[in-house]
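Architecture at a glance
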Amino acid sequence: MTILKKVLAERFVPFLPPLLDTSKPASDQEAKQLSRGFSAFVLHKLLGISPQDAAASVVDDFNDKGLDAVHYDEGSETLYLLQTKLKESEQFKQEDALPFCEGIRLMLKQDFAAFNANVQSRKVEIEAALDACSQIKLVATYTGDGISQTASDALQSLLDDESLDEERLVKQVTHYTATEVARDLLAEQAYQPVHTEIGLQKHSKVEEPRATYYGIARLTDLVTLHLEKGRALYERNIRYFLGSRSDVNKAIKNTLRDDPGSFFYLNNGVTAVCDSIEVKGNNPNSGFRKFKVRGLSIINGAQTVASAAEFVSQNASSDISDAKVMLTLIKAPTDSQFGRRVTKARNHQNPVQTANFASLDENQERLRQEISYLGYTYHYRPEASVAGANSITLDEGIRALALQQKDARYPAWIKTEFGRLSDPEGVEYQALFPSTLTSFSLVNSVLLYRVIRDLVADYDARAAAGSQERLIYRHGNHVIASVMMKRLRNRIAKAELADGAAINGLIGPSLDQLRQETANLGASQLGLSGPLSFFRSQGNVVSFMASLMETHYGLVADPTVIHLRSVANAADEYPRKSLVNYLSDRAPQI
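Residues numbered from 1 in each chain as written. Predicted model: local features only at pLDDT ≥ 70, side-chain atom pairs only at ≥ 80, totals over all residues. Heavy atoms only, no water.

Quick notes on the overall build of the chain
Per the secondary structure count, the chain includes 27 helices and twelve strands. Taken over the C-alpha atoms alone, the chain extends approximately 90 × 80 × 45 Å along its principal axes. Taking the contacts inside the chain whose residues are at least 6 apart along the sequence as the reference set, 73% of them involve residues at least 24 apart. If the 66 positive side-chain charges of the chain are averaged to one point and the 72 negative ones to another, these points end up 7 Å apart. (Helix = DSSP H or I, 4+ residues; strand = E, 2+ residues; numbered from the N terminus. Contact = heavy atoms within 4.5 Å. Lys, Arg positive; Asp, Glu negative; His and termini not counted. Charge placed at Lys NZ, Arg CZ, Asp CG, Glu CD.)

A look at the nonpolar core
In this structure, Phe-41, Tyr-378, Leu-421, Phe-433, Ile-452 and Leu-511 are the most contacted members of the largest nonpolar core, which totals 101 residues. Sorting elements by how many residues they give to this core places helix α19 (residues 439-462) first, with twelve residues. Not counting the four nearest positions on each side in its chain, Phe-41 is found in contact with Leu-4, Val-7, Leu-8, Phe-12, Tyr-176, Val-181 and Leu-185. Within the second largest apolar cluster, 34 residues are counted, among which are Leu-200, Ala-232, Ala-306 and Phe-311. (Core = buried A, V, L, I, M, F, W, Y, C linked by side-chain atoms within 4.5 Å. Buried < 20%, exposed > 50% of the residue type's maximum accessible area, 1.4 Å probe, protein only.)

Focus: the pattern of salt bridges
Taken as a whole and judged by the stated rule, the model has 33 salt bridges. Residue Glu-396 is joined to Arg-450 by a salt bridge in which the shortest nitrogen-to-oxygen separation is 2.8 Å. Linking Glu-396 in helix α15 (residues 394-402) with Arg-450 in helix α19, this pair joins segments that are 54 residues apart in sequence. There is no split in this pair, since Glu-396 and Arg-450 are both buried. The shortest N-O distance in the salt bridge between Asp-407 and Arg-409 comes to 2.8 Å. For the pair shown, Asp-407 and Arg-409 are each scored as buried. (Salt bridge = Lys/Arg side-chain N within 4 Å of Asp/Glu carboxyl O.)

Focus: the packing of α19 against helix α20 (residues 468-475)
In a pair of packed helices, the angle between the axes and the distance between the axes together describe the arrangement. Interaxial distance between α19 and α20 falls to 8 Å at its minimum, and their mutual angle equals 160°. By the criterion of interaxial angle, the relationship of α19 to α20 is roughly antiparallel. The element α19 and its partner α20 pack so that their crossing is left-handed. The segment α19 lies against α20, with Val-456, Tyr-459, Asp-460 and Ala-461 engaging Arg-470, Tyr-473 and Arg-474. Across the contact of α19 with α20, the residue classes tally to four nonpolar, no polar and three charged. (Axes fitted to C-alpha atoms, helices over the stretch in contact; angles between N-to-C directions. Parallel < 35°, antiparallel > 145°, perpendicular 65-115°, else oblique. Left-handed = near helix turned anticlockwise from the far one by under 90°. Nonpolar A, V, L, I, M, F, W, Y, C, P; charged D, E, K, R; others polar.)

Brief notes about the sheet that holds strand β1 (residues 69-73)
Strand pairing in a sheet relies on backbone hydrogen bonds. The paired strands run either parallel or antiparallel. Judged by pairing direction, the sheet is mixed, and its four strands sit side by side in the order β1-β2-β3-β4 without closing on themselves. Only two strands of the sheet have a single neighbouring strand rather than two, namely β1 and β4 (174-176). This sheet shows a mean twist of 25° between the axes of neighbouring strands, independent of strand direction. Sheet topology note: the strand β3 (residues 135-142)/β4 ladder contains three bridges and is parallel. Within β4, the position partnered with Ala-140 by the bridge is His-175. (Pairing = 2+ DSSP bridges.)

Observations concerning the environment of Tyr-176
By the secondary structure assignment, Tyr-176 is in strand β4. For the pair Tyr-176 and Pro-209, spaced 33 residues apart in sequence, the C-alpha to C-alpha distance is 40 Å. Setting aside chain neighbours within four positions, we find Tyr-176 in contact with Phe-41, Val-42, Lys-45, Leu-46, Ala-140, Thr-141, Tyr-142, Val-181, Arg-183 and Asp-184. There is a polar contact of 2.6 Å between the side chain of Tyr-176 and the side chain of Asp-184. (Polar contact = N/O pair within 3.5 Å; in protein donor to acceptor, adjacent residues only side chain to side chain.)

What about the side chain of Arg-368?
Residue placement: Arg-368 occurs in helix α14 (residues 362-372). Setting aside residues up to four positions removed in sequence, Arg-368 forms contacts with Gln-189, Ala-190, Tyr-191, Tyr-378 and Tyr-380.

Remarks on the packing of aromatic side chains
One pass over the structure, following the stated rule, counts 13 aromatic pairs. Ring geometry for Phe-41 versus Tyr-176: centroids 6.5 Å apart, planes at 70°, classification edge-to-face. Here Phe-41, found in helix α2 (residues 26-47), pairs with Tyr-176, found in strand β4; they are 135 residues apart in sequence, far enough to count as distant. The same class applies to Phe-41 and to Tyr-176, which are both buried. Ring pairing ties together the aromatic residues Phe-12, Phe-38, Phe-41 and Tyr-176, which thus form one cluster. If you follow Arg-420 out to its NZ or CZ, it ends over the ring of Trp-413, 4.2 Å from the centre. (Phe/Tyr/Trp six-rings, centres within 6.5 Å; stacked < 30°, edge-to-face > 60°. Lys NZ or Arg CZ within 6 Å of the ring centre and 35° of its normal.)

Some thoughts on helix α21 (residues 477-485)
For α21, a buried count of eight out of nine residues is recorded, marking the element as mostly surrounded by other parts of the structure. Within the sequence span of α21, burial applies to His-478, Val-479, Ile-480, Ala-481, Ser-482, Val-483, Met-484 and Met-485.

Regarding the packing of helix α1 (residues 2-11) against α2
Running from amino to carboxyl end, α1 crosses α2 at an angle of 90°, the nearest separation of the two axes being 9 Å. By the criterion of interaxial angle, the relationship of α1 to α2 is roughly perpendicular. Note on element contacts: α2 touches α1 through Leu-34, Gly-37, Phe-38, Phe-41 and His-44, opposite Leu-4, Lys-5, Val-7, Leu-8, Ala-9 and Arg-11. Per-class residue counts for the contact of α1 with α2 are seven nonpolar, two polar and two charged.

Some points on unusual backbone geometry
The linkage connecting Glu-208 with the following residue, Pro-209, adopts the cis geometry, with an omega of 0°. Here Pro-209 lies in the loop between β5 (194-206) and β6 (212-218). Phi at Lys-202 is positive, roughly 55°, even though this residue is not glycine. With respect to the element layout, Lys-202 can be found in strand β5.

Regarding helix α8 (residues 178-189)
Taking 1.5 Å per residue as the helical rise, α8 with its twelve residues ought to reach 16 Å, and the 17 Å between its terminal C-alpha atoms agrees with that figure. Within the span of α8, buried status applies to Glu-180, Val-181, Asp-184, Leu-185 and Leu-186. Check the buried side of α8 and you find it contacts α1, α2, β4 and α14. (Expected span 1.5 Å × (residues − 1).)

Overview of the pairing of β6
Of all seven residues in β6, five are buried; the element is thus mostly enclosed. One ladder, built from four bridges, connects β5 with β6; its direction is antiparallel. Among the inter-strand pairings, Val-206 is bridged to a residue of β6, identified as Thr-212. Bridge count between β6 and strand β10 (residues 324-331): seven bridges; the pairing is antiparallel. Across the sheet, Tyr-213 pairs through a bridge with Leu-329, a residue of β10.

Function cannot be inferred from these measures alone, as they are strictly geometric.
What follows is the structure in structure tokens.
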């Protein structure tokens, strides 16, 4: 809802007709403007009209007789009558439907006297639309918990009322709900599918079990695609361009510079999946057959194509027209299970980490799209250049989310088994990235994690060189961060972005207290153990963290804590789990 309101305020409210009643409190006027903007948003999405045209169709005001927007679409000869309800949890109720029905009856009778000035000023326009339209559609839009049965009954009763004598009234209401809102907002941030034509020389075809064409392609054709389509060309790949840092990518450029004619023999080729493949004409002179492909995505060979594109941009005078590459086109939806299997199986040329396959998790793409609306860029695929305070990486996200978990083993896993947290098929990864994870929670987690990380790094820098205290801050940093992150759960869950500077000042004193408590506890518990080895031990981390939470959360004398210290349950995944969970749940919130 927060993202929707941001979009409405920025892109639709500025174009709305002025409010007729400006005597209401400012908060009421602001809420009314957002509600009016929602009507324009719906028209924009349903009909593909501009925000300006959609806003001009809004008649919603403090006395609108239940009609919030009136729009005539000349192309389809359809008159649209809308009512919108911008409420996060409330249903579209009978009390919303009845005024809508009344307004429709008045509109069909062309009784404009009862309407507000927004409708009356468009009387001639609306009369012409009523005269010219072939059909009249009712649209009920709402963002809350659906529509009540009584509201549905009221609308249906209107549609079934023969006394209206209006055959053009479509007998089914169009509903635009929270589901459609989320779908359309995310679609704005999605990469557009790639539809293009590709030439293959000496091609062959495999019919079963998947229609597949393979042959020789001009590398320059793929470079042109890269330049035109950008990241959309690699939407289902596990990585974007990694830059020239890898040996493989350096070798690609060297071959293009020194011996482009041999490129075909030295390269493993490129694999792409497509929604559809159509065979087109053949050029008898070159031997290239044209293929029309829709929904093209390169799932292996991104480094080949992107390295070649970078080489061309850096060496404009070089001629790589002799460079050819084996191209395999597989007809398979990119988001299908088979498409994901092909992607995983074919990606082994450059070194592949388990985390790379998180790019096949549709939940990650959903988060990227949502986060774009918050002014941040989420990079869940490895790529060459990720910089700036408004860029968030998958690695950061994993760390920030892991440190909030109740399970006290996560800080140890970050240090010693990071791969288990980034494996999309693992239970730990799935616990970090449930389908319910919001963009606000992820961004806030990272922003607060960064503040804590930097403050702990400063403690390390200011401690005496070579001292145990410095090494405790350095190697126990994840434990410190985990204890503090649990105190920030409420702020992280808010549907508003955390102010990093303000949080720095807010948590500074508490974190400094936690720093001292950590140093004191370390001095008593580590003994002769070095901090590096101590904090790499899962058992040590769990025990240390439990003691640190007791102290920092002020629960040392809590009767339940005293009892749980001695509780041992053989069925628990790790010792002291019940104690750790209890302490975590009672972390005092900042």
